[in-house]
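Analysis of the macromolecular model
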Amino acid sequence: MSAAKFDEGRLMQVLVAPIVSEKATRVAEDNNTVMFKVLRDASKPEIKAAVELLFNVEVAAVGVANQKGKVKRTARGTGRRDNVRKAFVTLKEGQELNFSGEAA
């Protein structure tokens with residue numbers, strides 16, 4: 001596994017949260033890909049190592065997208081949501097990742 005190159009404490013923090021949406025579900029079903037919200041300074045090798053370490057699966061590829069935070073208007077003026085980095089983690093054939101907590 002590639003987790004040996006990175007600090008394990010850092011890898012535990014790289015994945016912020018799974019993204020659960022209609023698009024994420026469709027991508028997961030079609031391409032065996034899982035979406036995560038990750039730290040903004042996380043690299044692709046770090047994300048791969050973190051997923052392999054935390055979920056004990058084999059990762060085929062990692063894609064990332066930086067999403068700018070939306071500007072929102074409130075009664076007190078305008079504010080801005082935080083920028084977000086999304087990771088699209090493609091699992092190898094036959095690998096499965098389950099968030100529901102049920103044993104596979």
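What comes next is a walk through the structure. (Residues numbered from 1 in each chain as written. Predicted model: local features only at pLDDT ≥ 70, side-chain atom pairs only at ≥ 80, totals over all residues. Heavy atoms only, no water.)

Positive phi values are uncommon outside glycine, yet Asn-32 reaches one of about 55°. We classify Asn-32 as partly exposed; its relative accessible area is 28%. With phi around 55°, Asn-56 is a residue other than glycine that occupies positive phi space. Inspection of the secondary structure puts Asn-56 in the loop between helix H3 (44–55) and strand E3 (59–67). Asn-56 sits in the exposed class, given a relative accessible area of 60%. (Buried < 20%, exposed > 50% of the residue type's maximum accessible area, 1.4 Å probe, protein only. Helix = DSSP H or I, 4+ residues; strand = E, 2+ residues; numbered from the N terminus.)

What follows concerns the environment of Val-71. Tracing the backbone through its elements, the reader meets Val-71 in strand E4 (residues 71–74). Given the relative accessible area of 53%, Val-71 is considered exposed. The spatial distance from the C-alpha of Val-71 to the C-alpha of Ser-43 is 26 Å, given a sequence separation of 28 residues. Contacts of Val-71, omitting those with residues within four sequence positions, involve Thr-78, Gly-79 and Arg-80. (Contact = heavy atoms within 4.5 Å.)

Note on placement: Lys-70 falls in the loop between E3 and E4. With eleven residues separating them in the primary sequence, Lys-70 and Arg-81 have C-alpha atoms 5.4 Å apart. With residues up to four places along the chain from it excluded, the contact list for Lys-70 reads Gly-79, Arg-80 and Arg-81.

Grouped together as the largest cluster of nonpolar side chains are 18 residues, with contacts concentrated most on Leu-15, Phe-36, Val-38, Ile-47, Val-51, Val-89 and Leu-91. Residue assignment for this core shows that the elements contributing at least two residues are helix H1 (8–14), strand E2 (33–38), H3, E3 and strand E6 (84–91). Among the elements that make up this core, the one with the highest residue count is H3 (four residues). In contact with Val-38, other than residues within four places in its own chain, are Val-14, Leu-15, Val-16, Ile-47, Arg-85 and Ala-87. (Core = buried A, V, L, I, M, F, W, Y, C linked by side-chain atoms within 4.5 Å.)

So, about the sheet that holds E6. Read across the sheet, four strands follow the order E1-E2-E6-E3 without closing on themselves; strand pairing throughout is antiparallel. Each edge of the sheet is formed by a strand with only one pairing partner; in this case those strands are strand E1 (15–18) and E3. Sheet twist, expressed as the average angle between the axes of neighbouring strands with direction ignored, equals 30°. As defined by bridge partners, E1 adjoins E2 across three bridges and the pair is classed as antiparallel. Across the sheet, Pro-18 pairs through a bridge with Phe-36, a residue of E2. (Pairing = 2+ DSSP bridges. Axes fitted to C-alpha atoms, helices over the stretch in contact; angles between N-to-C directions.)

Turning our eyes to something else, we now look at H3. Note on helix geometry: an α-helix contains 3.6 residues per turn, so any two residues three or four positions apart are oriented the same way. Under the 1.5 Å per step criterion, the end-to-end length of H3 is 16 Å for twelve residues, consistent within 8% with the ideal 16 Å. For H3, the complete set of buried residues consists of Glu-46, Ile-47, Ala-49, Ala-50, Val-51 and Glu-52. Each element contacted by the buried residues of H3 is listed here: H1, E1, E2, E3 and E6. Immediately downstream of H3, the backbone of Asn-56 shows phi near 55°, a positive value. (Expected span 1.5 Å × (residues − 1).)

All quantities given are derived from atomic positions and should not be read as evidence of function.
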